[in-house]
Each structure stands twice: as structure tokens, then as C-alpha cells.
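# What the coordinates show
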Amino acid sequence: MCLFQLFPILLAQFLPFHFNEKEFNHGLPFYLFRKKKKTEEIRMLKSVGPNFYTPFLSLFDQLVLGNCVLLVNLRRMRLEKCWFCSSTVYPGHGIKFVRNDAKIFRFCRSKCHKNFKMKRNPCKVKWTKAYRRLHGKDMTQDSTFEFERKRNRPERYDRNLAENTLKAIKKIDKIRSDRASDHIKNRLKTGKVQRQKEARKQLELGIHLVKASLALAQDSSLCLPKIKVNVSQAQTEENQPMEE
Amino acid sequence: MIQPQTHLNVADNSGARELVCIRIIGASNRRYAHICDIIVAVIKEIVLNTPLERSEVIIAIIVRTHKELKHDNGMIIRYDDNVAVVIDQEGNPKGTQIFGIVDETQFTMGKDTIANIKTSIRNADMNRKGTIQIGYLNKK
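In short, a report on the structure. Source: prediction; values computed, not measured. (Residues numbered from 1 in each chain as written. Chains lettered and ligands numbered in written order. Predicted model: local features only at pLDDT ≥ 70, side-chain atom pairs only at ≥ 80, totals over all residues. Heavy atoms only, no water.)

## Quick look at the pairing of strand β6 (residues 76-79) of chain B
Neither face of β6 of chain B is exposed, since Ile76 and Arg78 of chain B on one face and Ile77 and Tyr79 of chain B on the opposite face are all buried. Of the strand pairs in this sheet, strand β6 (residues 95-98) of chain A and β6 of chain B are connected by 3 bridges, and their pairing is parallel. Its bridge partner lying in β6 of chain B, Lys96 of chain A is registered against Ile77 of chain B. The pairing of strand β5 (residues 69-70) of chain B with β6 of chain B spans 2 bridges and is antiparallel. Its bridge partner lying in β6 of chain B, Leu69 of chain B is registered against Ile77 of chain B. The hairpin formed by β5 of chain B and β6 of chain B contains 5 residues between the paired strands, and Gly74 of chain B there has a positive phi angle of roughly 100°. (Buried < 20%, exposed > 50% of the residue type's maximum accessible area, 1.4 Å probe, protein only. Helix = DSSP H or I, 4+ residues; strand = E, 2+ residues; numbered from the N terminus. Pairing = 2+ DSSP bridges.)

Written out as C-alpha cells, the structure reads:
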């Protein structure tokens, strides 16, 4: 409790002077944590996934007070979308290109960046999400997409809200991925007969690769001949000393 | 990665339009300059009727580079061109406005090259562009 009284004093020392006071009054989250390893934090960040009610995932700076670590929100980070492939760009990854008209392009990795520099249109490049959505390969319209929204106003921290949000994210994510895989399954259903036909034709043409011609003359079915293997009782007793 | 002979655009209303880098201020044999570094440059092109003249040697600070700038927090930012702002010996800008996008964190936080510029430079993240008034000169 007395720690909260210390806050303005502590922060006055540690804040960079460009820090906007207006943002402060919105109620930034301050946590008191035991010392966490950096990898744990990043895992924590990654597990939350896309942005829902709280669009900012803060990258915390650590102030050490005795054996406690005070995490102060000095910077804020967002999980962005790669402009080219639409995958999420986590903080510390990728390159941001700022064009002279102030349009910002974010790339998740150099692959996307290089494709952009080649002036390729992502809607025409097959492995990107833009292409898949445009050509109906992936699910485009679903109510689960509406839960994810970009917000520019920071939310006042509420522990219950944060907890419920994290639970909801997991659930909504699962539902969305289930629906997406169903979409793909349904899409592939219509071509099943065609695919089987083509497979059968391929087998007929290439049966000499699968089955010897003599065997084919004897038994003209397209299945492989069944080979019978005799397993004797004596062999299983010999294997037992191996277990030791 | 600005080096001598690099042509730079100018992002303020000091009167210069294009500069050519002559020297990078810092260590004696310094090869490249990045954002926030001070260079000595010669003016190649000017805006008419301004106090600056062509082939005048001035000092400038680099504000945008085509080469990526790596932040300590892992963010890498690249701009579309090489741009500088004309300053004088003490570090005060010669113009009164800065045009275009400037990376806020580099100029207001750690690097103390331009201690005297108290500009309200908006971060490119906020998707704003436009002119920035240099506050301490009290010109609006």
C-alpha cells in the first residue's frame, strides 16, 4: 500500500522526459512481480495472442526494489500484422519501413521485406494470407473475427478484465481455428471423387512401378500381393534377455 | 550509412534543398553516419531568396536514412530517403520548421547531439506527417 505512494517519486526519476503525462492519467498497469527471466516474459507475451480489449502488450522495464521487481510501463508495444503475409509481428522482430507519405509497412521477416522490395503484390503471391482470403482458400467472414479490434485508447487496468480477456482469447482462438479448418475441409470435399479418379488412373498407368509384371500376369488386380510371414514361438523367448 | 559524397535532401525551411556530405563529425576516420549524427555538408541546391547560398559549407544533422536504424528494443526502422536538417555550431537549427517524418525517440531521448532543439517531433507510429514548429524560437 505504501508503495503506491512512492510511485510518483520513483517514476519521476526513471521516466524518460518525453513521456506523455496524459497517457499516465489513463491508469497504466503497474505490477509487482518476482524476478522473471526474459524468456518467460516473452512466452507470456506470445501466449496472449492477438489484441482484444487491451491492444497494447507492454514491454516492461524492470526496477529492482530489494528482492522484488517493479515492472513499469515505460514503452508500449503492439502485436502488428505483417503487411505482406499478414502474420503477427512480435516486438523485436521484423523491419518497419516508413514511406515518405508516412505510410508504415511492417514486415515479419526478410522474406516478406524482400518480396515487397521486388514490388510484388501480396494478393498474387500464393502463400500469403491476402491471396488465400481473396481466392476463398481461407475463411473470410466469421463472427469470431469481430472480437479482435484495434484500439488507440489505452484501457485502465482491471485485473478481472485482464483475466477474463485472457480466458476469452483462448476460447475464441480455438473456435476460430476449428471453424477455419472446417472451411478448408468443406472446400476440399467437392474434389474428392475427382481426386480418387485421378489416383486410380495413375495407378493403372504406373502399375509396373508397383507390381512386377509376372505377378501382374498371374493376378491382374491392382492390389499388391499379400505376403505371409511365419512367426515362431522360439524367437520371442530369445528377445527377452535384451530387455535387461 | 551516409558518407562523403552522399546527396541528402533537406527537411527544413532553412533555404537549402540538397546537400552533399563532406565529413562526418566524430572520430577522425569515421566511415558512416546514421540518424542523429552530425555531418559537414556543402549546399548544392537552394531555395531562392534565402540567407543560405549555394556551395556554402554548413553543418547538418541526419534525420532520415535509407539504411535501417536499429533501436535498443529491437525495432528496426527504414525510411525512404536520406534527409538532413541544417544546424549551426551550437546545435540550433537554422530553419524554423521541419518537414516530414522524424523518429521521435532518437531526438528527444538518449542521444544528446541536439540538446537545443526542443521540437515537438511526432513519432511516425502515430501516422502523422507535416510540419513541426521549433518551439524555442517562438515563431509560429
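## Some points on the sheet that holds strand β4 (residues 57-64) of chain B
Within a beta sheet, neighbouring strands are joined by backbone hydrogen bonds and run either parallel or antiparallel to one another. All names here are of chain B. Around the barrel, which closes on itself, the 5 strands sit in the order β1-β2-β3-β4-β7 with mixed pairing between neighbours. Looking at each pair of strands side by side, their axes are set apart by 55° on average, direction ignored. One ladder, built from 7 bridges, connects strand β2 (residues 16-24) with strand β3 (residues 38-46); its direction is antiparallel. The partner of Cys21 across the bridge, within β3, is Ala41. (Axes fitted to C-alpha atoms, helices over the stretch in contact; angles between N-to-C directions.)

## A short note on the side chain of Thr165 of chain A
Residue and element names in this part refer to chain A. Here Thr165 lies in helix α6 (residues 159-189). When its relative accessible area of 4% is taken as the criterion, Thr165 is described as buried. Here the side chain of Thr165 touches Leu161 through a polar contact of 2.5 Å, landing on its backbone oxygen. (Polar contact = N/O pair within 3.5 Å; in protein donor to acceptor, adjacent residues only side chain to side chain.)

## A word on a nonpolar patch on the surface
The grouping of Leu203, Leu209, Val210 and Leu224 of chain A at the surface amounts to a nonpolar patch, some 390 Å² of accessible area in total. Mapped onto the elements of the fold, Val210 of chain A is located in helix α8 (residues 207-210). (Patch = residues over 30% accessible without salt bridge, like charges linked within 9 Å, V, L, I, M, F, W, Y side chains within 5 Å. Areas by Shrake-Rupley, 256 points an atom, 1.4 Å probe, with all protein chains shown as cover. Salt bridge = Lys/Arg side-chain N within 4 Å of Asp/Glu carboxyl O.)

## Quick word on the side chain of Asp37 of chain B
Residue and element names in this part refer to chain B. Assignment of secondary structure puts Asp37 in the loop between β2 and β3. Looking at Asp37, its side chain comes within polar contact range of the main-chain nitrogen of His34, at 2.7 Å. Contacts of Asp37, omitting those with residues within four sequence positions, involve Arg30, Tyr32, Ala60, Ile61 and Ile62. (Contact = heavy atoms within 4.5 Å.)

## Quick notes on the state of the cysteines
Tallied over the entire structure, the rule returns 0 disulfides over all chains. Take Cys82 of chain A: it sits in no disulfide, and the sulfur closest to it among the cysteines is that of Cys85 of chain A, at 3.6 Å. (Disulfide = S-S within 2.5 Å.)

## A closer look at unusual backbone geometry
Residues and elements named next belong to chain A. In this structure, Ser86 takes a positive phi of about 65° despite not being glycine. Residue position: Ser86 is located in the loop between β4 (80-81) and β5 (88-89). Here the phi dihedral of Lys119 falls at roughly 65°; this positive angle occurs in a residue that is not glycine. Within the secondary structure layout, Lys119 lies in the loop between α4 (110-117) and α5 (129-134).

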